[in-house]
Amino acid sequence: MAGGIAAYKACELLRRLTESGHDVTVVPTSAALEFVGAPTWAALSGRPVSADLWSEVHEVPHVRLGQAADLVVVVPATADLLARAAHGLADDLLTNTLLTARCPVVLAPAMHTEMWEHAATRSNVATLRGRGVLVIEPAEGRLTGADTGRGRLPDPAEIFATCLDVLSRGTTASDLLGRRVVVSAGGTREPLDPVRFLGNRSSGLQGYALARTAAARGAEVTLVAANTDLADPAGVRVVRVETTAELREQVLVAAVDADAVVMAAAPADFRPVGVSGAKIKKADDGSALHLELVQNPDVLHEISTRRVRPGSVVVGFAAETGDATGAVLDLARAKLARKGCDLLVVNDVSGGAVFGQPDNEAVILAADGAVTDVPRGTKAALAHVIWDQVAARLRP
Ligand code: CTP
């Protein structure tokens, strides 16, 4: 942990890591101890805490800590820490640990926008990423004092999710580094009047898992999120939308320079012909309300057929139950052809809806004929298989 005001947020990350059964040794810089004292770190981690190279020297901690770790995560990483790490300096226990670590390294920077955007920091971040370090993009928002901008530490719960992701893969291998991807998530809402809307039950969990895992694999991610109630994934640019028209617009804008577009959202297929400016009243005689709905554009079809960026990979989702006209996979194959996408992730929902569940299972159909069965597992695990399939189809 380096010396920034966001050090207090690292307490929550530490707590989540220890409560989920991980052994954590906290290595603060001396500046970090100005923000949060050693007793706090020691109590939360259940281990002694030291910042300098001259304590417990007989145990050779400057070498042992890095060698023994499965993951080194620095939260917050200051501009100074990034510079020292990029140049291989080793003037305290933290930078020694970074030099001796052979495990995945995750840095979560937090600083003022000017420092983050400075050419020196840009170059240090590029150097570190080039060496395989996962440097999480800071979030935009309120900074210390009155300013706002890029440089905020992402939500600690989301940094935790990224750490678990990296630990489960055992690597920060960034096969999507330098790639831009767009993911849509959630369910759109079509307003009827100032208080009512037509919507659906999509939770956005699968789309968020896709965004989080793409960022952990090095991609620059835009998440177009419709009406979700989830924390922004670490290192992801989040654009919020409500209706299918807004979702379409934002996906099309982001798709212009994207290498891949994954449509995990559930856009409403219909919207009311008109939105009432005043609240619609029920009739005294109990008579029915007749709503006229028009079809919304099919964003996936449009993205697939227009390919705003030639050569980009487009992924759709399909929830199918099978019916009299065909079995789940037959209907899905027809949908893949109709939509014109490269990959279709098919959920068999005949046994009930998957909305809001932490797990998912799917079959991924490819336009080139490949079929990939993904057994029941976490939404993050499915997300990784989807990115494997996308990565294999990206232009060199
Ligand atoms: N989708 C879209 N725009 C819409 C509706 C759906 O881009 N207006 C995308 C979803 O994000 C998802 C896929 O299309 O990737 C899901 O298609 P689905 O709604 O299941 O297909 P439909 O064409 O509506 O077919 P069905 O007749 O089975 O409902």
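Nothing here was measured: the structure is a model prediction, and the numbers come from that model.

K.L.:
Help me out: how do you make sense of the domain arrangement of the chain in this one?
P.N.:
Much of the literature gives interface size as the accessible area that the parts lose upon coming together. Parsing the chain into structural domains produces domain 1 (5–169) and domain 2 (180–271 + 295–393). Buried area between domain 1 and domain 2, both sides added, is near 920 Å², and the carbon and sulfur share of it is 58%. Per-residue buried area on domain 1 facing domain 2 is highest for Glu158, Asp165 and Arg169; these three make up 51% of the total on that side. Counting across the domain 1 and domain 2 interface gives one salt bridge. Salt-bridge contacts for Glu158 lead to Arg212; the nearest nitrogen and oxygen are separated by 2.8 Å. Applying the counting criterion to the domain 1 and domain 2 interface returns three residue pairs in polar contact (both at pLDDT 80 or more). Of the residues forming the side of domain 1 that touches domain 2, the biggest block, six residues, is contributed by helix H9 (residues 156–169). Residue composition of the side of domain 1 that touches domain 2, grouped by class: five nonpolar, one polar and five charged.

K.L.:
Teacher, can you tell me more about unusual backbone geometry here?
P.N.:
Peptide bonds are trans in most cases, and residues, glycine excluded, mostly fall at negative phi. Here the residue pair Val75 and Pro76 is connected by a cis peptide bond, since its omega of -5 degrees sits within 30 degrees of zero. By the secondary structure assignment, Pro76 is in strand S1 (residues 72–77). One non-glycine residue, Asn227, lies in positive phi territory at about 55 degrees. Given the relative accessible area of 25%, Asn227 is considered partly exposed.

K.L.:
For this particular structure, what's the right way to read the sheet that holds strand S2 (residues 105–109)?
P.N.:
Two strands in a sheet stick together by hydrogen bonds in their backbones, pointing the same way (parallel) or opposite ways (antiparallel). Strand order in the open sheet made by the three strands is S1-S2-S3, with parallel pairing throughout. With partners counted over all chains shown, the strands left at the sheet margins are S1 and strand S3 (134–135), one partner each. For S2 and S3, the ladder comprises two bridges, and the chain directions are parallel. When the sheet's bridge partners are listed, Leu107 is paired in S3 with Val135.

K.L.:
Can you walk me through a nonpolar patch on the surface in this structure?
P.N.:
A contiguous nonpolar patch, built from Phe270, Leu289, Leu291 and Leu293 and spanning about 370 Å² of accessible area, is present on the exposed surface. Along the chain, the position of Leu293 falls in strand S13 (residues 293–295). Here Leu293 falls in the partly exposed class, since its relative accessible area comes to 37%.

K.L.:
How do you make sense of the nonpolar core when you look at a structure like this?
P.N.:
In a soluble, globular protein the nonpolar side chains are often hidden away together inside. Ranked by internal contacts, the top residues of the largest apolar core, which has 33 residues, are Leu210, Val221, Ile386, Trp387 and Val390. For this core, the secondary structure elements donating two or more residues are strand S6 (180–186), helix H10 (205–216), strand S9 (220–226), strand S11 (260–263), strand S14 (313–320), strand S15 (343–348), strand S16 (359–366) and helix H14 (379–393). At six residues, H10 tops the list of elements feeding residues into this core. If sequence neighbours within four positions are ignored, Trp387 has contacts with Leu176, Val181, Val183, Leu210, Thr213, Ala214, Arg217, Ala260 and Val262. Membership of the second largest hydrophobic core comes to 28 residues, among which are Leu14, Val24, Val75 and Ala234.

K.L.:
Whenever I open this one, H9 confuses me. Can you help?
P.N.:
Given 3.6 residues per turn, any residue in an α-helix points the same way as the ones three and four places further on. In this model, H9 (14 residues) spans 20 Å end to end at C-alpha, consistent with the 20 Å of a helix rising 1.5 Å per residue. Along H9, the residues that are buried comprise Pro156, Glu158, Ile159, Phe160, Thr162, Cys163, Asp165 and Val166. Tucked inside the fold, the buried residues of H9 contact helix H1 (7–19), S1, S2, S3, H10 and H14. At the N-terminal end of H9, a side-chain oxygen is found 2.9 Å from the backbone nitrogen of Ala157, two or three residues along, and the residue is Asp155. Immediately beyond the C-terminal end of H9, within one or two residues, lies Gly170, with a positive phi of roughly 75 degrees.

K.L.:
Help me understand the pairing of S14, please; the structure alone is not making it clear to me.
P.N.:
Looking down a regular strand, the side chains alternate between one sheet face and the other. With respect to burial, S14 is a largely interior element, seven of its eight residues being buried. Sheet topology places S11 next to S14; four bridges connect them, and they run parallel. If you follow Val261 over to S14, its bridge partner there is Val314.

K.L.:
Would you take a moment to explain the sheet that holds S16 for this structure?
P.N.:
Taken together, the eight strands give an open sheet; going across it, the order is S10-S9-S6-S11-S14-S15-S16-S17, and neighbouring strands pair in mixed fashion. Of all the strands in the sheet, just strand S10 (236–241) and strand S17 (371–378) have a single pairing partner and so form its edges. Between one strand axis and the next, the sheet turns through 20 degrees on average, direction left out of account. As paired strands, S15 and S16 are joined by four bridges and run antiparallel to one another. Each bridged residue has a counterpart across the sheet, and for Leu343 the counterpart in S16 is Ala366. Docked against the sheet, helix H12 (residues 299–306) engages S11 and S14, running at close to 150 degrees with respect to S14.

Reading the values: the criteria
Residues numbered from 1 in each chain as written. Predicted model: local features only at pLDDT ≥ 70, side-chain atom pairs only at ≥ 80, totals over all residues. Heavy atoms only, no water. Domains from an automatic or database assignment. Buried area = accessible area lost by both parts, 1.4 Å probe. Salt bridge = Lys/Arg side-chain N within 4 Å of Asp/Glu carboxyl O. Polar contact = N/O pair within 3.5 Å; in protein donor to acceptor, adjacent residues only side chain to side chain. Helix = DSSP H or I, 4+ residues; strand = E, 2+ residues; numbered from the N terminus. Nonpolar A, V, L, I, M, F, W, Y, C, P; charged D, E, K, R; others polar. Buried < 20%, exposed > 50% of the residue type's maximum accessible area, 1.4 Å probe, protein only. Pairing = 2+ DSSP bridges. Patch = residues over 30% accessible without salt bridge, like charges linked within 9 Å, V, L, I, M, F, W, Y side chains within 5 Å. Areas by Shrake-Rupley, 256 points an atom, 1.4 Å probe, with all protein chains shown as cover. Core = buried A, V, L, I, M, F, W, Y, C linked by side-chain atoms within 4.5 Å. Contact = heavy atoms within 4.5 Å. Expected span 1.5 Å × (residues − 1). Axes fitted to C-alpha atoms, helices over the stretch in contact; angles between N-to-C directions.

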